[in-house]
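# Observations on the three-dimensional arrangement
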Amino acid sequence: MEPNPQEQTPLLDCQQRLAALEKAFSTSEHRTHRLMQDNNALQQELHQLQHDYESLRLQKGGFGFKALLGSGFLATLMAIAFWYFVFRPSKDLHAHLFEHFQKEHQFNIEYAISQGQFKHAEDLLKASLEQPENAPIYPEIQMVYKIVSASKRKCE
């Protein structure tokens, strides 16, 4: 008996669908296999990149620490040199202070003495003795004060 053409159509449809499914399954198997190979290759590349990164980090970490240490040392030396040239006290602070005192008061003291105003000259010197910035030249101011006092006693 020959199959009925109407019965044959569903069978043929099923066979065609089965062939299409087999083809799709085969294609997806090939694709899955290819994707698995790509995944393995990417994992190997990732592992290699991680390894390279780790070795580079260790290599740069050593260099970074050495560079940081070197730059810190150089910055310290530069700061010391800067302080030395800018903020160091002058070598002859004593002479500088006395010169400043002389410029500020010498004329007034000499003028007061020449006018016979010894009391005014003594007052100027006492005020200078009381200023804390004049402490290093205290003996010199005291000496001038004693000379003015002696001159005052001699003239009276």
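Described below are features of the structure shown in this document. Everything numeric in this text was worked out from a predicted model, so none of it was measured.

Scanning the protein from terminus to terminus reveals four helices and zero strands. The N-to-C order of helical and strand elements in the protein reads α-α-α-α. A compact globule built from 156 residues should have a C-alpha radius of gyration of about 15 Å, whereas the protein, at 51 Å, is more than 25% larger. Referenced to the eigenvectors of the C-alpha coordinate spread, the extents of the protein come out at roughly 165 × 35 × 20 Å. The contacts of the protein with a sequence gap of at least 6 include a subset with a gap of at least 24, amounting to 49%. Split by element, the accessible area of the protein, about 13400 Å² in all, is 62% carbon and sulfur.

Right, let's talk about the side chain of histidine 105 for a bit. Within the fold, histidine 105 resides in helix H2 (residues 93-114). At 3.4 Å, the side chain of histidine 105 and the side chain of serine 128 are in polar contact. With near-sequence residues (within four places) excluded, histidine 105 lies in contact with Leu124 and Ser128.

Turning our attention to the nonpolar core. Counting 13 residues, the largest nonpolar core has Phe101, Ile109, Ala121, Leu125, Ile137, Ile141 and Val148 as the members making the most contacts within it. Within the residue set of this core, elements represented by two or more residues are H2, helix H3 (118-130) and helix H4 (138-155). Per-element accounting of this core gives the leading share, five residues, to H3. Those residues in contact with isoleucine 137, other than ones at most four positions away along the chain, are His94, Leu97, Phe98 and Phe101.

The rules we used
- Numbering of residues starts from 1 in every chain and runs along the sequence as written.
- In view of the model being predicted, local features appear only for residues whose pLDDT reaches at least 70, and side-chain atom pairs are presented and counted only at 80 or more, with totals across whole chains, interfaces and linings using the full set of residues.
- The side-chain quantities take in all heavy atoms of the structure and omit both hydrogens and water.
- Strands are runs of DSSP state E lasting at least two residues, helices are runs of H or I lasting at least four, and both sets are numbered from the N terminus onward.
- The globule rule used for comparison is 2.2 Å times the number of residues to the exponent 0.38, while the radius of gyration itself is calculated over C-alpha atoms.
- When checking whether two residues touch, look at their non-hydrogen atoms; a contact exists if any pair is within 4.5 Å.
- Note that accessible areas follow from Shrake-Rupley with a 1.4 Å probe, and for residues the cover is restricted to the protein chains shown.
- For this analysis, a polar contact is any N or O atom pair within 3.5 Å, provided that within protein one partner can donate a hydrogen and the other can accept it, and provided that sequence-adjacent residues contribute only side-chain to side-chain pairs.
- Here, nonpolar core means buried Ala, Val, Leu, Ile, Met, Phe, Trp, Tyr and Cys residues that are tied together by side-chain atoms lying within 4.5 Å of each other.
- Here's how the labels work: a residue is buried when its accessible area is under 20% of the maximum for its type, exposed when over 50%, partly exposed in between, all with a 1.4 Å probe on protein chains only.

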